[in-house]
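These are the residues of each chain, in order.
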Amino acid sequence: MAQVHEHYMAMAIEEARAGAASGEQPFGAVVVCDGEVVVRSRSLKVSTSDTTAHSETLAVKMATQKLGRRHLPDAVFYSTCEPCPMCLGAVLNAGMGTLVLGARNTDIQKLATLAFNFNTYSVENFARMVGWDLTLVTGVLHEECVALYRDAKVELTR
């Protein structure tokens, strides 16, 4: 299973790198359903001046629209970084049961000059707070994901 997760996380990393190459923040996401990639996305906050255009919210939106249903319990969500509360709420509202992460917020807090100050926030705390039975897989291509943010050319904010 680790190889499968690494395969899809590598796609999310490609999205983050492509976004960074065009001046965006280096965040990437992939939604997989029944072993098939439904969507890949990157952050578009900079180019659209839209604070909600995170890679994760865009991935949820595109996946639900592409599949024509707002609830995706059979989907697996891949994110290069631990989703912020807004993004995690979108994943929750789409009913996804599995989340695969590369970097954690604690990794990025050390690199960001703005935001990422979520105190004790974590995916685990959020899921526990709302009673979400979430399967969480962490550390997938961790070093590669952290490097995205260490090498970022734009200010990291969430």
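Conventions used here
Residues numbered from 1 in each chain as written. Predicted model: local features only at pLDDT ≥ 70, side-chain atom pairs only at ≥ 80, totals over all residues. Heavy atoms only, no water. Helix = DSSP H or I, 4+ residues; strand = E, 2+ residues; numbered from the N terminus. Buried < 20%, exposed > 50% of the residue type's maximum accessible area, 1.4 Å probe, protein only. Contact = heavy atoms within 4.5 Å. Phe/Tyr/Trp six-rings, centres within 6.5 Å; stacked < 30°, edge-to-face > 60°. Core = buried A, V, L, I, M, F, W, Y, C linked by side-chain atoms within 4.5 Å. Pairing = 2+ DSSP bridges. Axes fitted to C-alpha atoms, helices over the stretch in contact; angles between N-to-C directions.

K.L.:
Describe the environment of Trp132, listing the residues and the values that go with them.
P.N.:
Considering the arrangement of structural elements, one finds Trp132 in the loop between α6 (123–130) and β5 (135–137). For Trp132, a relative accessible area of 13% translates into the label buried. The sequence separation of Trp132 and His71 amounts to 61 residues, and the corresponding C-alpha distance is 14 Å. Not counting residues up to four positions away in its chain, the partners in contact with Trp132 are Leu88, Val91, Leu92, Met96, Phe126 and Ala127.

K.L.:
Tell me about the packing of aromatic side chains, and name the residues and values.
P.N.:
For the structure on display, the rule yields 4 aromatic pairs. When the ring of Tyr121 is compared with that of Phe126, the centres are 6.5 Å apart and the planes differ by 80 degrees; the resulting orientation is edge-to-face. Taking the relative accessible area as the measure of exposure, Tyr121 reaches 16% and is therefore buried. Through a chain of ring-to-ring contacts, the aromatic side chains of Tyr121, Phe126 and Trp132 assemble into a single cluster.

K.L.:
Tell me about the nonpolar core, and name the residues and values.
P.N.:
One finds Val31, Val60, Phe77, Leu88, Met96, Leu99 and Trp132 to be the most contacted residues of the largest nonpolar core, which totals 24 residues. Among the elements of the structure, β1 (28–33), β2 (36–42), α3 (55–67), β3 (75–81), α4 (85–93), β4 (98–103) and α6 are those that each provide at least two residues to this core. Beyond its immediate chain neighbours, meaning those up to four positions away, Val60 contacts Phe77, Ala90, Val91, Ala94 and Met96. If you look at the next biggest cluster of nonpolar residues, it comprises 21 residues, including Tyr8, Val30, Cys81 and Tyr149.

K.L.:
Describe the sheet that holds β4, naming the residues involved and giving the relevant values.
P.N.:
As summarised here, the arrangement of the 5 strands in space is β2-β1-β3-β4-β5, forming an open sheet in which the pairing is mixed. The strands lining the two open edges of the sheet, one partner per strand, are β2 and β5. The mean angle between the axes of side-by-side strands here comes to 15 degrees, regardless of whether they run parallel or antiparallel. Relative to β3, β1 is paired through 5 bridges, and the arrangement is antiparallel. Of the residues in β3, the one forming a bridge with Val30 is Tyr78. Along the sheet, helix α1 (residues 2–21) makes contact with β1, β2, β3, β4 and β5, crossing β2 at roughly 30 degrees. Relative to β2, α3 is tilted by about 140 degrees, and along the sheet it contacts β1, β2 and β3.

None of this, on its own, says anything about what the molecule does.
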